[in-house]
Every structure is written in C-alpha cells, then in structure tokens.
Amino acid sequence: MKRKLIAAIGVAGIMIGAAACGGSDKKDGAAGGDAKELTVWLTVDAQKNWPELVKAADDAIVAKHPGLKINHEYYGWPDKNAKLDAVLATDKAPDVVEMGNSEVLPYAVKGAFAEIDPSKFDNSAAWLDALKQSVTYNGKTYGVPYYAGGRTATWRKDIAADSGITATPKTYTELTADLDKIQAKQGDKFSAWYQPTRDWYAAMSFVYDAGGSIAKQDGDKFKANLSSPESIKGLTEFKNVIDKYMKGDKTKDEADRPIVYGQGKSALVFSPAWEGANAALPENDKVGKLADKIESFVMPAPSGKAMPVFLGGSDLVVPVKSKAQPLAAEWINAFTGTQGQKGLVAKGNLPNNKTDLAPLKADPKTAVPATAAESSWFVPMAPGWGQVEKAKTLQDMLQAIGTGKKTVEAAAKDADAAIDKVINTK
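Residues numbered from 1 in each chain as written. Predicted model: local features only at pLDDT ≥ 70, side-chain atom pairs only at ≥ 80, totals over all residues. Heavy atoms only, no water.

1. Some remarks on the overall build of the protein chain
Tallying secondary structure elements over the protein chain gives 18 helices and 15 strands in all. Relative to the 2.2 N^0.38 estimate, which gives 22 Å for 426 residues, the radius of gyration of the protein chain is 22 Å and therefore close to what a compact globule would have. Counting only C-alpha atoms and orienting by the principal axes, one finds that the protein chain spans roughly 70 × 45 × 35 Å. Considering the protein chain as a whole, with its 426 residues, one finds that 54% of them fall into the buried category. (Helix = DSSP H or I, 4+ residues; strand = E, 2+ residues; numbered from the N terminus. Rg over C-alpha atoms; globule rule 2.2 N^0.38 Å. Buried < 20%, exposed > 50% of the residue type's maximum accessible area, 1.4 Å probe, protein only.)

2. Section: the packing of helix α8 (residues 200–209) against helix α9 (residues 229–245)
In a pair of packed helices, the angle between the axes and the distance between the axes together describe the arrangement. One can describe the packing of α8 onto α9 by two numbers: an axis separation of 7 Å at closest approach and a directional angle of 130 degrees. Here α9 runs oblique to α8, going by the angle between their axes. When you trace α8 past α9, the crossing you get is right-handed. For the pair α8 and α9, the contacting residues are A202, A203, M204, F206 and V207 in the first and E230, S231, G234, L235, E237, F238 and V241 in the second. Across the contact of α8 with α9, the residue classes break down as 8 nonpolar, 2 polar and 2 charged. (Axes fitted to C-alpha atoms, helices over the stretch in contact; angles between N-to-C directions. Parallel < 35°, antiparallel > 145°, perpendicular 65-115°, else oblique. Left-handed = near helix turned anticlockwise from the far one by under 90°. Contact = heavy atoms within 4.5 Å. Nonpolar A, V, L, I, M, F, W, Y, C, P; charged D, E, K, R; others polar.)

3. Considering helix α15 (residues 367–374)
Here α15 has its buried residues at A367, A370, A372 and A373. In the core, the buried residues of α15 are packed alongside β7 (151–156), β13 (309–310), α14 (354–361) and β15 (376–377).

4. Some thoughts on the sheet that holds strand β3 (residues 96–100)
Judged by pairing direction, the sheet is mixed, and its 5 strands sit side by side in the order β2-β1-β3-β14-β6 without closing on themselves. Every interior strand has two partners, whereas the edge strands, β2 (69–75) and β6 (144–149), have only one. Neighbouring strand axes in the sheet, compared pairwise and without regard to direction, differ in orientation by 20 degrees on average. As judged from the 2 bridges shared by strand β1 (residues 37–43) and β3, these two strands associate in the parallel manner. (Pairing = 2+ DSSP bridges.)

5. Details of the packing of α9 against helix α18 (residues 408–422)
Where α9 meets α18, the closest approach of the two axes is 10 Å, and the angle between their N-to-C directions is 125 degrees. By the angle between their axes, α9 is oblique relative to α18. For the element pair α9 and α18, the recorded crossing hand is right-handed. Contacts between α9 and α18 pair I232, L235, T236 and K239 from the former with V408, E409 and A412 from the latter. Here the contact of α9 with α18 is composed, by residue class, of 4 nonpolar, 1 polar and 2 charged.

6. A look at the pattern of salt bridges
For the structure on display, the rule yields 15 salt bridges. A salt bridge links R198 to D396; the nearest nitrogen and oxygen atoms lie 3.0 Å apart. You can see R198 sitting in the loop between β8 (191–193) and α8 and its partner D396 sitting in helix α17 (residues 393–402), a full 198 residues away along the chain. (Salt bridge = Lys/Arg side-chain N within 4 Å of Asp/Glu carboxyl O.)

7. A closer look at α17
In terms of burial, α17 is a largely internal element, 8 of the 10 residues being buried. Listing the buried residues of α17 in full gives T393, L394, Q395, M397, L398, A400, I401 and G402. Where α17 is buried, its residues contact α8, α9, α16 (385–391) and α18. Just downstream of α17 lies G404, where phi reads positive at about 80 degrees.

8. Some words on the pairing of strand β9 (residues 215–218)
Note: β9 against strand β10 (residues 221–224), 4 bridges, orientation antiparallel. Paired with A215 across the strands is A224, a residue of β10. In textbook terms, the turn of a hairpin is the stretch between consecutive antiparallel strands, and for β9 and β10 this stretch comprises 2 residues, one of which, G219, has a positive phi near 70 degrees.

Right, dumping it as structure tokens:
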C-alpha cells in the first residue's frame, strides 16, 4: 500500500496551556471517562480500504458505553499534520489521531500526546521492535502501533532468466553474482539494481546490518555515529552498489522509483512492498504485463542475515488535550487489538506484533514481507531528530558519496558534525 510519511513540523507552540488540561499528567487520562463524544482522526487509507474495521471498533465501544457518539474525520497524508498543528493550539483537540510512525517523535518531545500504559493494549509485549521504538520517548509510551509496512527486494524474473538465473538469491554473494550477470547482459544504460542515491532508508539498512547506526544514546544524550568503523563499512558497501549497478541519475531520491521501474529500466529494486505493485499499474507499466514478470524476496545482507529494514507504518495517539482520554484508549485497543489485527492482515497489512506475524511467515502469500519485517531498525528517538530529517542531512551525505564529491569517510564525518549540532535540541 502506498504510504507517504512526512516529518512533523510546527509543533513548537501547540502546547501552551496544555498542563492545565484535565488528565494531562495521568496515564490514559484519568479525566474524561464519562465523555459523551469521541472524535477519531484517521487517514483515508482506513476510509477507503477497511471501513468495516472502523465500524467494528465503534460498535464494540458503543456497546460498552450506550449513547456515546463517535465522530470520524479522514485526512490525506500531506494535509493531516498542518490541520493537527492548528487544532492542537485550541481546546478542540481530537481524541485519537493516526500518525505515521516517523511523525510521532517531534510531537512527543513537545508534550503534545498523552502517555499511555502499554499493558492495557492487546499484544503490547510483542509489538514489533521498530514500531515499539516509534512510540517510545524517554522511556515512556506515547502511542499504540496500528499496522506495519516493510521493505522487500523485487526483481524481474524474465530479465534474470535471460542471464541464466532461475531462482531468487538467498545470500548477498548470490545476489551480487546474479546482478553482475544481469548488468553484463543488459549493458551500461541499464540499472541491474535501481537504487536512488538519496534513499537513506536503504542506505541505513546497510549501516545497521554492519553494526553501525545513525546515532547512539549515552545516558540522556545522543551522539552521531555515522563515522564509526561499522557505519563506514555499511556506507562503503552501499556506495559499491551505487557504483556498480545504479546507472541512473545519482542525485535523485526514491520518489519516482515505481515509475522508473515500470519503464523497464531496471531489474531490481529494494523498496516498500507496495512499490512493485505500483510499478505494475496500467499507468506506470511500460513493459507490458509487468505484474506477471516480477517476484519479491527477502533482501539478503552482507552480514549473511536478512537485511534489516526500516519498518514503516502507522501509530495511534491520544492528544494530551483530549477530554476523553480513557475512552480514546478503549477505542484504540478495540481497533488495534487481536480482532482488529486479523482484519488488517486480511487487507494485506503486516500486524503490529510478532505473535500475529508468525503465521504469516508460513503462508507463501505473505512469507516474504513477514520475514523481512522481523529484522528492522528505526531512527534515533532523540529530541532533535526532526531537525536532522528537515535538514536532509543523510540525503546530502549519500549524494556526496554516490557522486564522488566526497569520500565515504569525509561525508560521514561532516554528517556527524551536522547531526551533533541539533540532535539533542528540543
């Protein structure tokens, strides 16, 4: 499913007077248990793709609280945060809000969301690691994982077959050997692996696989870590991929990758699982019957394990200004709990927890994304991470490396310096 996760901005002033709101200092909000209305903000994904799951959660809560009115508002990803910033500055905050998992941190830093008690939510002990990280700040929990979306490798079976390759690679050595054959067969104008240089999600997978990281936490402070030997090893291998297999524009990000892939200019992409399907849509498919020619597999990593992936997805939060925090928590559990997860999985999503993920690994239809999701990483949950993202520090570092403007070591050192200036700043 196509998702657009945008960095949260403009939250610096939204919490004026929040400390005076009922329940702002109590888990799940002690006040508001007798509220007569509940306002739930979700993105259009829920409205279009699983409205029956929303209704089921509504029905479960209304059955427990007769007379309760539940209002729903639906937003597109590009519009939601601006509307949220505006309403959080008033006394009319919604009670439940869907956030992209990379959006939660800046709001949590500013105190915009209520702390919740994970033990009150189904399967919280088994939440996927990256999703759990996305709602945790300073040891406290500020949201509930909703569902997940992972990254997989997708390649052209027909192009592989032209080079005598009959099966997807299971190791990184096999992968690079296969790509070498494909590159030699297809020529220098073809990208055996179309890997946009500024795609920091892919690059950091190499970094974390090598034992590196974007930043490390030491006590209550974070320190940039891209110039560590482990991170340099991962960045160097990422550069090797760019140099050998990426024949496109090395100043681009991943925004139009499905379109490029649909044009038949590449054999392999490492991307969110929905991108392969998007490339095969009629408006993007210039190959002809592309859907029948692509195959997904778990991306093998240089370490010998599965490539750790950035696990995208959504979280549900309760604004600290909500006047119905206990009811909001109840609704979230009804929607994201055991029954809700079954419904979301049936719609093609990955669940928010390892318990529900396990059977998907045994089903050939879901084995690839489910297995890939087991090994994941997430961004540093540091107060200034939003400023790092906004400055595009990682993207600029990768472009300098990919274009040869700087060495890996020099680019990483410069990125570390830029990150250290802001990463601990609220």
